[in-house]
Amino acid sequence: MPTPFEIEEQIALEREQIRQGLQQLHSNTSKLEEKDYASASVYGVASVEQLLPHVAERIDATKSRIKKGEAGIKFREINHFLFDIESDASAAIACKVTFDKVFSTKPKSNFVQSVTDAIGQAIENECMMRHYESSVPGLLHKLKENYWHKSIGTHQKVVVIRTLMNRCDVDHWKTWGRANRISLGGWLLDCICESTNWFMTDMRNQGKKRQTYVVPTPEFIAVKDQLMQTAELFSPIAWPMLIEPNDWSNEVQGGYILNEVMKGYDMVRRGTHPCIQGETPIDFLNKIQKVAYKLNPFTVEVAKTLMDRQIQVGKFVPVVEMPLPPKPIDIAENYKSRKDYRRRAAEVMNVNASAFQKSCRTRMTMNAVKVFKDKEKFYIPWSFDYRGRVYPIPAFLTPQDTDFGKSLLKFHEPAFVTPEAKHWIAFQVATTYGLDKDTMEDRQVWVENNHDLITRVATDPIGNLSDWEGADEPWQFLAAAEEYHACVLICSRQFTNLMVATDATCSGLQILSGLARDKSTAKLVNVVPSDRPQDAYKVVAEACYNDIPDHIKPYWDRKCTKRTCLTIPYNAKPYSNRAYIRDALREKGLDIDKDDLTQVVKAVRSAMDRIVPGPMRVMKWIEQEVAAAIDRGATELQWVTPSGFIVTQRLMKKEIKRIELKLLGRCRVNVATGEGDKVDREHHKNATAPNLIHSQDASLLCLTALRFDAPIALIHDSVLCRATDMSILSAIVRETYMHLFAENDYLTCFANQIGAETDPPIIGDLEPSTVIDSTYFFC
């Protein structure tokens, strides 16, 4: 039970999270306004999305009048330009530029002439890009590939493309002229002002001159204030807690102390309200919140040193800032010298801006480390998603973080290092180094043969960086090596609190093989005992080898099929399979044409039908029955998992337009406000099998954790505990899987809950109790 002082300390921490969140929200908004990017702010994104359909509709109406000859004389000058670009695109560009200019903090940015010229210029730039894409697509693609992504902002992109195109012998773009741009921009600004009454012109006397500005109306100021107030409710930074999080219940908000008042986090994310959950899943959620953690001082110090030295290792990406080139002595009077310096300085600033973006997560993680580095222990508040999976509410210092983030954590409560614990610490060392497909014996032998390597890494990680930075999971390997060195090699510690992880082998196929009682699939994914870990990806690769083109065969191996095999149980379609296989072959230096890729994808999917028949039949059956349920009039699907969690799958259609812009990228326009009233049949068909699998693996971990009486952490299809407890946890995981699928025919239960018209395709030759003896079920 926390003391009053501890509660007060936690409240102070949560208030600090709120303060920093608000500060970050308003700071980010101000920075965007300073850089003429107000359209990317919280209020800008929401407002532009709401404004777009109305502006596009007004533009369409004007085009219609022009075609009929009913438009006034003022449209003669802009008629040609108005039809060079579709209404949705011109509306998107005009709205974006208007918000950028009107809310910019730069002086004179919101002059009427400045706004209209900027809108016209942006429209012309878009048309210029389209001109080059149609006339010289290959050259444009090459220029964009080599230069565009190094540029900062759309203006620099335009300058780069225009300059390089002018050097080439191509059909150059004929500029519209400033007068035409202002005429077009002025008309589009009128469309925006008249569509929603959010902007107006304001004439002001400034000395002897009268200047006209574009300003937001009081009506929009009220809209903006409301949007910012709503954003502020969700702006607090989420950190771990210094005391045990409040318990969740169907009536009371749990987690953070102030959450009961602020209601910023729900027990079930994206869930329907009200939805009463069963006692078992809530007990599970409250139990894992009581696990205490601490920072690993060893990996923290290594991270600080690498941060200072600007050295990247794996997912740890510090800010690497290149200095600006020295200014030439004659920069003031020499135009060529000045131009050359600006070009070189721009290149450096582009590199620095890119590096700063890439380092964002690392910087935020290290900021959280500063807050908790002197804390004896901390806790993590958790919540469910609507399928029953659990996620930490904080974004940093959690077991579901990156490889670097995970390495920073240890359990607060240590356990005595038993002989069996030494075995599991060695397992963690070898597995994180990259031996996750080897047998248990081979992993132990590798560790025995690499004591020198482990010692070097543990005693001088900076000096021996090359020994560990190439590991599969370098930071977790670093943490495991230090633990093994201290607890096993030199025995300076008799207690261990390292988080050791075991993972499911292709969790989707493990769950589906249990549901279908499919022995052949179960054997491939280690549900059935074997002498060494089975490799389903390799089996599929071998099964389709004879059906792929001959020139691809020398490159063909398990890596080419891995992502496809992983995602097909989650209803991945041939289009995404194509991308995975193409990318895998490109990594091997082979580019594959469309026809060959189609042949390869068909071969892999056909092999899956033969190799894992039960899962493939179950997924097809689910699609058919879900479609039938929607056709009968169901507006949502609901099922209760073995743990008692109620899954409610409600997927409604939203009318969305996607606008492809050459400079601004993709814009998504929500035409309908709020949720649509039509059920999304296709989405239900595609989502139900993955969501059923997720709800089952969530139940497996839920029921496992409730039986386990030691610190535990979870990552969807992975369990983490101390080395001393891993044998017990592994046994409980296997027993729980056996009970889920041996004592219950859950697929038939699911069929009844969704009102299926046909019986599920259960093969029935698997005895789930065999998983008890499977060494590699979770490993």
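Residues numbered from 1 in each chain as written. Predicted model: local features only at pLDDT ≥ 70, side-chain atom pairs only at ≥ 80, totals over all residues. Heavy atoms only, no water.

(A) Broad picture of the pattern of salt bridges. If you walk through the whole model with that rule in mind, you get 37 salt bridges. Residues Glu 682 and Arg 681 are paired through a salt bridge, measuring 3.8 Å at the closest nitrogen-oxygen approach. On the basis of relative accessibility, which here comes to 41%, the residue Glu 682 falls in the partly exposed class. Judged by its relative accessible area of 29%, Arg 681 falls in the partly exposed class. Among the ionic pairs, Arg 707 bridges to Glu 735, the shortest N-O distance being 2.6 Å. In this pair, Arg 707 is assigned in helix α28 (residues 681-707) and Glu 735 in helix α29 (residues 726-742), connecting sequence segments 28 residues apart. The partly exposed category is assigned to Glu 735, whose relative accessible area is 27%. (Salt bridge = Lys/Arg side-chain N within 4 Å of Asp/Glu carboxyl O. Buried < 20%, exposed > 50% of the residue type's maximum accessible area, 1.4 Å probe, protein only. Helix = DSSP H or I, 4+ residues; strand = E, 2+ residues; numbered from the N terminus.)

(B) Representation of the environment of Arg 19 within the structure. Within the secondary structure layout, Arg 19 lies in helix α1 (residues 4-34). With relative accessibility at 41%, the residue Arg 19 sits in the partly exposed group. The spatial distance from the C-alpha of Arg 19 to the C-alpha of Ile 237 is 8.6 Å, given a sequence separation of 218 residues.

(C) Summary view of the environment of Val 300. For Val 300, the position within the fold is in helix α12 (residues 297-309). Once you skip the residues sitting within four places of it in the chain, Val 300 turns out to touch Leu 295, Val 369 and Leu 408. (Contact = heavy atoms within 4.5 Å.)

(D) A look at helix α17 (residues 440-449). Taken as a whole, α17 has its buried residues at Met 440, Arg 443, Gln 444, Trp 446 and Val 447. Viewed along the axis of α17, the buried residues span an arc of 160 degrees, placing them on a single side of the element. For α17, the exposed residues set more than 90 degrees away from the buried face come down to Glu 441 and Asn 449. The inward-facing, buried residues of α17 contact α16 (419-433), α18 (451-459) and α20 (474-489). (Arc of directions from axis to C-beta.)

(E) Examining the packing of aromatic side chains more closely. Counted by the stated rule, this structure contains 28 aromatic pairs. When the ring of Tyr 256 is compared with that of Tyr 265, the centres are 5.7 Å apart and the planes differ by 45 degrees; the resulting orientation is tilted. Residue Tyr 256 is classed as buried on the basis of its relative accessible area, which comes to 4%. With a relative accessible area of 25%, Tyr 265 lands in the partly exposed category. Cluster of aromatic residues (ring-pair linked, three or more members): Tyr 43, Phe 99, Phe 103, Trp 198, Phe 199 and Phe 220. Seen from the ring of Tyr 213, Arg 204 lies directly overhead, with NZ or CZ sitting 4.2 Å from the centre. Over the face of the ring belonging to Tyr 386 we find Arg 387, whose NZ or CZ atom lies 5.7 Å from the ring centre. (Phe/Tyr/Trp six-rings, centres within 6.5 Å; stacked < 30°, edge-to-face > 60°. Lys NZ or Arg CZ within 6 Å of the ring centre and 35° of its normal.)

(F) A look at the state of the cysteines. Counting across every chain of the model gives 0 disulfides. With no disulfide of its own, Cys 544 has Cys 565 as its nearest cysteine by sulfur position, at a separation of 8.2 Å. Residue classification places Cys 544 among the buried residues on the basis of a relative accessible area of 0%. (Disulfide = S-S within 2.5 Å.)

(G) Looking closely at the confidence of the model for the protein. With 93% of its residues at a pLDDT of 70 or more, the protein shows a mean pLDDT of 87. In this model residues 670-674 is a low-confidence stretch, pLDDT under 50, and it forms 9 contacts with partners more than four residues away in sequence or in other chains. (pLDDT = per-residue confidence, 0-100.)

(H) Looking closely at helix α2 (residues 42-68). In a regular helix each residue adds 1.5 Å, so 27 residues correspond to 39 Å; α2 covers 40 Å between its end C-alpha atoms and thus fits that length. Helix geometry: α2 is bent most strongly at Leu 52, by close to 35 degrees, with proline Pro 53 lying one to four residues after it. Within α2, burial applies to Tyr 43, Gly 44, Ser 47, Val 48, Leu 51, Leu 52, Val 55, Ala 56, Ile 59, Thr 62, Lys 63 and Ile 66. (Expected span 1.5 Å × (residues − 1). Bend = angle between axes of the 7 residues up to and from the residue.)

(I) Representation of the sheet that holds strand β4 (residues 292-295). As summarised here, the arrangement of the 3 strands in space is β5-β4-β8, forming an open sheet in which the pairing is antiparallel. Two strands close off the open sheet at either side, each with one partner strand: β5 (378-379) and β8 (409-411). In this structure, β4 lies alongside β5, joined through 2 bridges in antiparallel fashion. If you follow Tyr 293 over to β5, its bridge partner there is Phe 378. (Pairing = 2+ DSSP bridges.)

(J) Region of the structure containing the nonpolar core. Formed by 161 residues in total, the largest nonpolar core has its most connected members in Tyr 293, Leu 397, Trp 468, Trp 475 and Trp 556. If you tally residues by element for this core, the top one is α20, at 9 residues. Setting aside anything within four residues of it in sequence, one finds Trp 468 in contact with Val 302, Leu 306, Val 313, Val 457, Pro 461, Pro 474, Trp 475, Phe 477 and Leu 478. Ile 85, Ile 161, Leu 184 and Cys 191 belong to the second-largest nonpolar core, a separate cluster that totals 51 residues. (Core = buried A, V, L, I, M, F, W, Y, C linked by side-chain atoms within 4.5 Å.)

(K) Unusual backbone geometry, seen in detail. The backbone of Cys 491 shows a phi angle near 55 degrees, a positive value even though the residue is not glycine. The topology assignment puts Cys 491 in the loop between α20 and β10 (495-496). Accessibility expressed as a relative area gives 46% for Cys 491, which makes it partly exposed. A positive phi angle is found at His 716, which is not glycine, with a value near 60 degrees.

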